[in-house]
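Residues per chain are reported as follows:
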Amino acid sequence: MSFPNIRHRRLRTSAALRNLVRETTLHVHDLIYPLFVTEGTGIKEEISSMPGVYHFSLDNMAAELEEAAALGIQGILLFGVPSHKDAVGTSALEEDGIVQRATREIKRLHPDMLVIADTCLCQFTDHGHCGIIHHNEHTGCTEIDNDASLEQLVKTAVSQAKAGADIIAPSNMMDGFVSAIRAGLDAAGFENVPIMSYSVKYASSFYGPFREAAHSAPQFGDRKTYQMDPANAREALREAQSDVEEGADMLMVKPALAYMDVIRTLRDQFDLPIVAYNVSGEYSLVKAAAANGWIDEKAVVLEMLTGLKRAGADIILTYFAKDAARWLQGK
Ligand code: PBG
């Protein structure tokens, strides 16, 4: 007759035993690596609030892609930083736009690398909002014009698919964006291109460093009319449900760490792959603490990413992808 609590410890007595009974494993195939691409030549410029993350010009990204591929990373999430911005985000949907050119270049260099195109207008509009804005004469307010934005976003998604993007990842949070983009892709002959929907995207302060990186901070107002209130969880289910009905192939929760309950709820409610976006602010917090010697970066990152998988994420978008891949190989 043993004391009951011993049973918990019996299975932890050696590394091999712990390996045997481990419930969650992190694998390099779970990870997607975000990449910022910019116009110009000879550019590899570090983003000051995100040490280790760079803007690359197209002629300068080969080494980075090679390194990611050699580590076993299978997917790149592409963000464009264009030189031209206007009110309607024209450079988001041009055939020779930065994302379209980068997509063709990545597929040329690494045909097997999955290119995931972020479909949004905020980096491409001079006002920095994710859609087209208009003046509402009744209220006197400047508002997002949902339907005009959808038209522009559909064109963007189709041009990204034409350039060779393997997955379309719309992050704009307009109402009806999944069905509009699905219909647009199908009509253009891209029935096989899946949609990774940013289904549950909170209006979060954790995007701060990204907005510096992508030069996409809103020039007036904020995104609270189209991104979700961090206080809401039931609403996340409604957002996800409508994306499922509209034809999303994967559901994303963003940010990740402060929203693990939402990841778990979506995992339990839906059978589609669940994606967690470990966003820029989450990256910068760890980097800053590690630079100060306050935490063990490798241990913290692996614990954090394993935690996201345990919470129910199948796929993790993370700026730590290369580091994690290396650490998982024991290097
Ligand atoms: C743009 C977009 C954002 C992020 C990804 N796509 C920023 C935003 O909505 O303000 C954030 C990513 C990050 O913080 O790492 N639609």
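Refer to the preceding data block for the structure.
In this text, all values refer to a predicted model and were calculated from it rather than measured experimentally.

Calculation criteria
Residues numbered from 1 in each chain as written. Predicted model: local features only at pLDDT ≥ 70, side-chain atom pairs only at ≥ 80, totals over all residues. Heavy atoms only, no water. Core = buried A, V, L, I, M, F, W, Y, C linked by side-chain atoms within 4.5 Å. Buried < 20%, exposed > 50% of the residue type's maximum accessible area, 1.4 Å probe, protein only. Contact = heavy atoms within 4.5 Å. Near = heavy atom within 4 Å. Polar contact = N/O pair within 3.5 Å; in protein donor to acceptor, adjacent residues only side chain to side chain. Areas by Shrake-Rupley, 256 points an atom, 1.4 Å probe, with all protein chains shown as cover. Nonpolar A, V, L, I, M, F, W, Y, C, P; charged D, E, K, R; others polar. Phe/Tyr/Trp six-rings, centres within 6.5 Å; stacked < 30°, edge-to-face > 60°. Helix = DSSP H or I, 4+ residues; strand = E, 2+ residues; numbered from the N terminus. Lys NZ or Arg CZ within 6 Å of the ring centre and 35° of its normal. Arc of directions from axis to C-beta. Expected span 1.5 Å × (residues − 1). Patch = residues over 30% accessible without salt bridge, like charges linked within 9 Å, V, L, I, M, F, W, Y side chains within 5 Å. Salt bridge = Lys/Arg side-chain N within 4 Å of Asp/Glu carboxyl O.

### Regarding the nonpolar core
Judged by nonpolar contacts, the single largest core of 105 residues is most densely connected at F36 and L185. Ignoring sequence-local partners within four residues, the contact set of F36 consists of I47, V53, Y54, H55, F56, F79, V81, F210, A213, A214 and Y319.

### Some points on the site of the ligand
In the vicinity of the ligand lie 17 residues, with R211, R223, K254, S280 and Y319 positioned nearest. Between the ligand and K201 there is a distance of 2.8 Å, counted from an oxygen atom to a side-chain nitrogen or oxygen. The side chain of S280 places a nitrogen or oxygen atom 2.7 Å from an oxygen atom of the ligand. When the ligand sits alone it has 400 Å² of accessible area, and the protein chains cover 100% of it. Looking at the shell around the ligand residue by residue, the class counts come to 9 nonpolar, 3 polar and 5 charged.

### Quick notes on the packing of aromatic side chains
Inspection of the entire model under this criterion finds 10 aromatic pairs. Between Y283 and F320, the aromatic rings sit 4.5 Å apart at their centres with planes inclined by 45°, giving tilted as the arrangement. A residue pair is termed long-range when its members are at least 10 positions apart, and Y283 in helix α10 (residues 280-291) and F320 in the loop between β12 (315-318) and α12 (321-328) qualify at 37 residues. Accessibility assignment for this pair places Y283 and F320 in one class, buried. Aromatic ring contacts, followed pair by pair, group F36, F79, Y198, F210, Y277, Y283, Y319 and F320 into a single cluster. The lysine or arginine in question, K44, covers the ring of Y54, its NZ or CZ lying 4.5 Å from the ring centre. The positively charged end of K201 is found above the aromatic ring belonging to Y207, 5.7 Å away from the centroid.

### A look at helix α6 (residues 177-187)
Of all the residues in α6, the buried ones are F177, V178, I181, R182, G184 and L185. Down the axis of α6, the sector holding all buried residues measures 165°, keeping them to one side. Of the residues trailing α6, G189 is marked for its positive phi of about 90°.

### Quick look at the environment of A69
One can find A69 in helix α3 (residues 62-70). C-alpha separation for the pair A69 and R104, spaced 35 residues apart in sequence, amounts to 16 Å. Excluding anything up to four places from it in sequence, A69 contacts H110 and M113.

### As for helix α4 (residues 98-109)
Between the first and last C-alpha of α4 there are 16 Å, a value that for 12 residues agrees with the 16 Å anticipated at 1.5 Å per step. When we look at burial in α4, the residues that qualify are I98, V99, Q100, A102, T103, I106 and K107. On its buried face, α4 sits against β1 (31-38), α3, β4 (75-81), β5 (114-119) and α5 (146-163).

### A look at a nonpolar patch on the surface
Side chains of L11, L20 and V21 sit close together on the surface and give an oily, nonpolar patch of about 290 Å² of accessible area. Note on placement: L20 falls in helix α2 (residues 15-21). Relative accessible area serves as the criterion here: at 69%, L20 is assigned to the exposed category.

Geometric values such as these leave the question of function open.
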